[in-house]
Amino acid sequence: MSRLTELLKQAQKVDPQLSADLEAEIVALTKRRSFGLVFEQHQPEAIELPGRPVRRGDKVRVLPPRGTAGQGDHRLWRAVRVERVDGQRVVHLVELDADEPETRAETDDALVVVAEFRDRIYPGLVETGRVEHAPGKPFHTVVNAENFHALEMLTYTHQESVDLVYIDPPYNTGGKFAWLYNDDYVDADDDYQHSKWLAFMDRRLRIARELLKPSGAIMVSIGDDEQHRLRMLMEQIFGVENHVAQLAVEMSTTSGPKTTNAQQGTIVKNVEYVLIYRKSPTFDTEVRHTPLYDGIEKWDANYPLWLNDDGTTESLYQRLDEEPAVRADIERFELVRETGKLKGTFIGAPGMDLLLSASAAAREFILNNLTRIGRTDTPPVSGRSVEVPTGRWVEHRTDGRTYRLTRSGKGKVWQIYTLDRNYRLSDDYLPRFGRTVIRGDLWRGFHSDMGHVSNEGGVGFANGKKPVRLIKQLVKWANNSPDAVILDFFAGSGTTAHAVAAMNAEDGGSRRSIIVTNNELSKADRKVVSAAGHRAGDPEWEALGVFESKTKPRLLNAFSETAANAEFFNLTYEAPLSVRHNRAFERIAPMLWLRAGSRGRIITELGDAGWDVAEAYGVLADLDRSSQFTAAVAATEGVVNVFIVTDDDSAFQMVCRELPDGVSPVRLYESYLQNFEINTGRTL
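Before going into details, it helps to say that this report is about the structure given with it.

Reading the values: rules and limits
- Residues numbered from 1 in each chain as written.
- Predicted model: local features only at pLDDT ≥ 70, side-chain atom pairs only at ≥ 80, totals over all residues.
- Heavy atoms only, no water.
- Core = buried A, V, L, I, M, F, W, Y, C linked by side-chain atoms within 4.5 Å.
- Buried < 20%, exposed > 50% of the residue type's maximum accessible area, 1.4 Å probe, protein only.
- Helix = DSSP H or I, 4+ residues; strand = E, 2+ residues; numbered from the N terminus.
- Contact = heavy atoms within 4.5 Å.
- Salt bridge = Lys/Arg side-chain N within 4 Å of Asp/Glu carboxyl O.
- Arc of directions from axis to C-beta.
- Axes fitted to C-alpha atoms, helices over the stretch in contact; angles between N-to-C directions.
- Parallel < 35°, antiparallel > 145°, perpendicular 65-115°, else oblique.
- Phe/Tyr/Trp six-rings, centres within 6.5 Å; stacked < 30°, edge-to-face > 60°.
- Lys NZ or Arg CZ within 6 Å of the ring centre and 35° of its normal.
- Polar contact = N/O pair within 3.5 Å; in protein donor to acceptor, adjacent residues only side chain to side chain.
- Pairing = 2+ DSSP bridges.

Quick look at the nonpolar core
Ile218 and Tyr617 are the most contacted members of the largest nonpolar core, which has 80 residues in total. When residues of this core are assigned to their parent elements, the largest contribution, nine residues, is made by helix 4 (residues 193-211). In contact with isoleucine 218, other than residues within four places in its own chain, are Val165, Leu205, Ala208, Leu212, Met234, Phe238, Leu275, Ile276 and Tyr277.

Topic: the pattern of salt bridges
Once their charged atoms are close, side chains differing in charge can pair, the charge on each being opposite to the other. A complete count under the given rule lists 39 salt bridges for this structure. A salt bridge links arginine 204 to glutamate 146; the shortest N-O distance between them is 2.8 Å. Of this pair, arginine 204 sits in helix 4 while glutamate 146 sits in the loop between strand 8 (139-144) and helix 3 (147-157), and the two are 58 residues apart along the sequence. The same class applies to arginine 204 and to glutamate 146, which are both buried.

Quick word on helix 20 (residues 626-635)
By the burial criterion, the buried members of helix 20 are Ser626, Phe629, Thr630, Ala632 and Val633. Taken around the axis of helix 20, the buried residues stretch over an arc of 160 degrees, which confines them to a single face. Facing away from the buried side of helix 20, by more than 90 degrees, are the exposed residues Ser627, Ala634 and Ala635. Residues of helix 20 that are buried sit in contact with strand 28 (611-613), strand 29 (617-620), strand 30 (641-645) and helix 21 (649-658).

Comments concerning helix 19 (residues 585-595)
Taken across its eleven residues, helix 19 has eight buried, putting it largely inside the fold. Three or more residues of helix 19 are buried, namely Phe585, Ile588, Ala589, Pro590, Met591, Leu592, Trp593 and Leu594.

Some words on the environment of valine 613
Inspection of the secondary structure assignment puts valine 613 in strand 28. You can call valine 613 buried: its relative accessible area is 13%. If near-sequence neighbours (up to four positions away) are discounted, valine 613 is found in contact with Arg601, Ile603, Gly618, Phe629, Ala632, Val633, Thr636 and Val639.

Structural notes on the packing of helix 14 (residues 495-507) against helix 17 (residues 546-561)
Look at helix 14 against helix 17: their axes get within 9 Å of each other, and the N-to-C directions meet at 5 degrees. Of the possible angle classes, the one that applies to helix 14 and helix 17 is roughly parallel. Across the interface between the two elements, Thr495, Ala497, His498 and Ala501 from helix 14 touch Arg554, Leu555, Ala558, Phe559 and Glu561 from helix 17.

A few points about unusual backbone geometry
Residue alanine 563 is not a glycine yet carries a positive backbone phi of 55 degrees. Within the secondary structure, alanine 563 sits in the loop between helix 17 and strand 27 (565-574). Relative accessible area serves as the criterion here: at 40%, alanine 563 is assigned to the partly exposed category. Of note, serine 598 is a non-glycine position whose phi angle comes to about 60 degrees, a positive value. Position of serine 598 among the secondary structure elements: in the loop between helix 19 and strand 28.

Comments concerning the packing of aromatic side chains
Enumeration according to the criterion identifies 13 aromatic pairs in this entry. Between the aromatic rings of tyrosine 317 and phenylalanine 346, the centroid separation amounts to 6.2 Å while the plane-to-plane angle is 70 degrees, which identifies the pairing as edge-to-face. Separated by 29 residues along the polypeptide, tyrosine 317 in helix 8 (residues 316-322) and phenylalanine 346 in the loop between helix 9 (324-332) and helix 10 (352-358) bring together distant segments of the chain. No difference in accessibility class separates tyrosine 317 from phenylalanine 346, as the two residues are buried. One aromatic cluster is present, formed by Phe139, Phe569 and Trp593 through successive ring pairs. In this arrangement the basic side chain of arginine 104 is found over the ring face of tryptophan 77, its NZ or CZ atom lying 5.2 Å from the centre. Here the basic side chain of arginine 469 rests over the ring of phenylalanine 446, its NZ or CZ set 4.0 Å away from the ring centre.

With respect to the environment of serine 549
By secondary structure assignment, the location of serine 549 is in helix 17. A relative accessible area of 25% means that serine 549 is categorised as partly exposed. Placed 89 residues apart in sequence, serine 549 and glycine 460 show a C-alpha to C-alpha distance of 9.7 Å. Apart from the residues within four sequence positions on either side, serine 549 is in contact with Val459, Ala543 and Leu544. Among the polar contacts listed, one links the side chain of serine 549 to the backbone oxygen of glycine 545, at a separation of 2.7 Å.

Describing the sheet that holds strand 14 (residues 271-278)
Overall, mixed pairing links the ten strands, which are arranged 7-27-8-26-25-9-12-14-13-24 in an open sheet. Edge positions in the open sheet fall to strand 7 (122-132) and strand 24 (442-443), since each of these has one partner strand only. On top of the sheet, helix 5 (residues 224-238) reaches strand 12 (212-222), strand 13 (243-250) and strand 14; it is set at about 0 degrees to strand 14, its chief contact. Across the face of the sheet, helix 17 comes into contact with strand 7, strand 8, strand 26 (512-517) and strand 27 while running at roughly 155 degrees to strand 27.

Some remarks on the environment of glycine 383
For glycine 383, the position within the fold is in the loop between strand 18 (373-377) and strand 19 (393-398). Its relative accessible area of 0% is what places glycine 383 among the buried residues. When the C-alpha positions of glycine 383 and tyrosine 403 are compared, they lie 8.3 Å apart, and in sequence the two are 20 residues distant. Non-local contacts of glycine 383, meaning those with residues more than four positions away in its chain, are made with His396, Leu405 and Val413.

Have a look at this one:
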């Protein structure tokens, strides 16, 4: 840029206007971010809508004949006319995005409606299941949907309302677990493998950022193949200054087939990563982070002090030697000095590991006296001038804190830290009460969880299932609020919802999870079921999808075990006709319930009364009944939102003035689904 700046200065002398025009163009080009992470912004993704009747004006694809496993014709067509011929619906098509468009006619069973991500769509939610094991508690939300459109829908219900996002997206390894992009599997043979993945992630991460509270954070699991690209992408979206950590999680050990590769000199992969970014610095100032602790089996020889009640100190090892039950084990395991002036006494620190592993009496003695066992460290500044007798300890209070101080034989003052500061229940796979250290960015030991992860939830899942303990501990560290909202839009088998429900069961919390996954088939299942003559939308096809065969069964088990409430939904794509004719309230009803906090019943219809009030929210459509409505709202404890259906601003304001304090009004236009229209200008 320095060369350009110099040239602009030279141009300024000759033609100031030309110089100004060039500078403006350069500024515009730099804003297009041609520096940093650059990737091809591929054509907008599209989703097929099997089972949706083809209507005039729809975009469609022509399906391959039943019984073939190929991908078929990926061209897009516009339905320009629909007629009935010999009892069949025949659709007349014109090819889209072609210099010389073809025309053709197909029966509607050979077509599938397509929604591109740049299209305006009208989402709805249809309830497919409800479990309620804990009356009065909020509900977890499980959505079967393409996650981009689900995220768009959530910008209405949860704009800046999510505390944490955790996702486990495709790792893009190019291996057997290829991922779908525009209904094609992306694998190592695809020349655009990485740029497609980046475009795919970029669109979703940008919306996820909109959903986070200012104090929120996002955590993304990833492998070696895309970790470096993902980090650059997230720094462009969230900002370099908002990078929190990159965790290395030990997911396997060098054992089994990996041993052979390692013996041949290959450095095998044992870790995966979790990238963590905050939305703003308030994540560090307004959110409670809970440290995690890893257990340490070895004794810390830096804790040799025993503190007596009278202020004197002595050797911990001497006190152990004087305890009859412990002394018996010291002799039994031959942990005594064999020579010297202290012959016959306990050998001290070198024997502690063996003694604590073999002697129940020694372990009990340590656990009962954690506050009497100490080590010395640098004292606070205010304690350096305190009068402390040699060989004794005193308490020193300053700035609202209490310190224990002692003086060595050489006259130096030290602070005493007692063992209770780092003796606690560990966060290991098998928690134990003992010495711990605070966990950093290396998360060890999750290979133990991976050995049993297939049993979690009672449903097997071969493609990257994460252990419940990992998600629980990520949430616990990042935001341990008992009412946090956690979103996962690459939900897979539903581990995040399982983990959040388990945390609530353990501590009585009211955390809510919102998870989104689709009903995608594995590449192998798709090939088999296609060859058998089935297509997406057929019961035989849908039964093999991840949502129906893995997520839903697993979470029904998990919610039963943890006594949790949950709603299951399918995202639908509503026709503009139903929008114009006001036929869509039942489809937007769950979105209002979500925005109001996912508590209690869903108001699915208003009936002749023209209004209704549930546990958490109310809906008013007949403004002539506003007095009855506002009275019911005032009489219902716990109502946080009301939705007022009107195109008249003055009428909306009138009802707002009648509402009780603490109730937030939201205006809905009379053509219901226009309130939820998405992709109305977003750049893709």
